[in-house]
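Geometric and topological summary
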Amino acid sequence: MSRPSSRSNLYRLIQAGQLAHRALLLPLSERGLEPGDDAILFELGRSGKTESELAAELGLTEAGLGTRLSRLIDHGLVTRQAVGPELAAGVALSERGVRIRNGLADHWTQLEEALMGELKPKQRKKLGERLKRFVDLLTL
């Protein structure tokens, strides 16, 4: 068995992942947000939801989500309002929340383009499939 090397693809994948993670956290911290807040903003960007729907979608407890939502409401990014056809009590993005969410999505897109920009569509698809397979193997 060869010893780990900084020239190995696995080492570079780990290094790229850590740097990408740090780069994705930067715009959150600049806005006073915490890791994971972006997932809430992205999910609410699709449509308003009840808190129980949102918690289920994100795999959070309603209590854990409630703490995050309170902070996002205090920041003026999320509002409480009626959602869905039944007009159930729920949460949705405020106008400011939409702007922040769009800025975070643009940042994500730029990083994705930096990773995949030089690849042709078929190569992008193959890389995505291989990364998914690798993740699936590691989560067994």
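Everything in this summary refers to the structure shown in the same document. Predicted model, so just to flag it, every value in this text is computed and none were measured.

1. Observations regarding the overall build of the protein
In terms of regular secondary structure, the protein is built from six helices and two strands. Listed N to C, the secondary structure of the protein is α-α-α-α-β-β-α-α in terms of helices and strands. Here the C-alpha atoms of the protein give a radius of gyration of 18 Å, more than 25% beyond the 14 Å that 2.2 N^0.38 yields for 140 residues. Across its three principal directions, the C-alpha atoms of the protein cover 60 × 30 × 30 Å. Contacts in the protein between residues far apart in sequence, at least 24 positions, make up 50% of those at least 6 positions apart. Roughly 10,100 Å² of accessible area belongs to the protein as shown, and the carbon and sulfur atoms make up 56% of that amount. Both charge centroids of the protein, one from 21 positive and one from 18 negative side chains, sit 12 Å from each other.

2. Structural notes on the packing of helix H1 (residues 9-30) against helix H5 (residues 95-116)
Running from amino to carboxyl end, H1 crosses H5 at an angle of 160°, the nearest separation of the two axes being 10 Å. Between H1 and H5, the interaxial angle falls into the category roughly antiparallel. In terms of crossing hand, the pair formed by H1 and H5 is right-handed. Every residue of H5 that contacts H1 at Ala20, Ala23, Leu24, Pro27 and Leu28 is listed here: Leu104, His107, Trp108 and Leu111. The class makeup of the residues in the contact of H1 with H5 is eight nonpolar, one polar and no charged.

3. Focus: the environment of Gln123
Its place among the elements puts Gln123 in helix H6 (residues 121-138). From its side chain, Gln123 meets the backbone nitrogen of Lys120 in a polar contact 2.8 Å long.

4. Here's the deal with the side chain of Arg71
By the secondary structure assignment, Arg71 is in helix H4 (residues 62-74). Aside from chain neighbours lying at most four places away, what touches Arg71 is Glu34 and Asp37.

5. A look at a positive patch on the surface
Positive charge collects at one region of the surface, where Lys122, Lys126, Arg130 and Arg133 lie side by side. Taking relative accessible area as the criterion, Arg130 reaches 55% and is therefore assigned exposed.

Rules of the game
Residues numbered from 1 in each chain as written. Predicted model: local features only at pLDDT ≥ 70, side-chain atom pairs only at ≥ 80, totals over all residues. Heavy atoms only, no water. Helix = DSSP H or I, 4+ residues; strand = E, 2+ residues; numbered from the N terminus. Rg over C-alpha atoms; globule rule 2.2 N^0.38 Å. Contact = heavy atoms within 4.5 Å. Areas by Shrake-Rupley, 256 points an atom, 1.4 Å probe, with all protein chains shown as cover. Lys, Arg positive; Asp, Glu negative; His and termini not counted. Charge placed at Lys NZ, Arg CZ, Asp CG, Glu CD. Axes fitted to C-alpha atoms, helices over the stretch in contact; angles between N-to-C directions. Parallel < 35°, antiparallel > 145°, perpendicular 65-115°, else oblique. Left-handed = near helix turned anticlockwise from the far one by under 90°. Nonpolar A, V, L, I, M, F, W, Y, C, P; charged D, E, K, R; others polar. Polar contact = N/O pair within 3.5 Å; in protein donor to acceptor, adjacent residues only side chain to side chain. Patch = residues over 30% accessible without salt bridge, like charges linked within 9 Å, V, L, I, M, F, W, Y side chains within 5 Å. Salt bridge = Lys/Arg side-chain N within 4 Å of Asp/Glu carboxyl O. Buried < 20%, exposed > 50% of the residue type's maximum accessible area, 1.4 Å probe, protein only.

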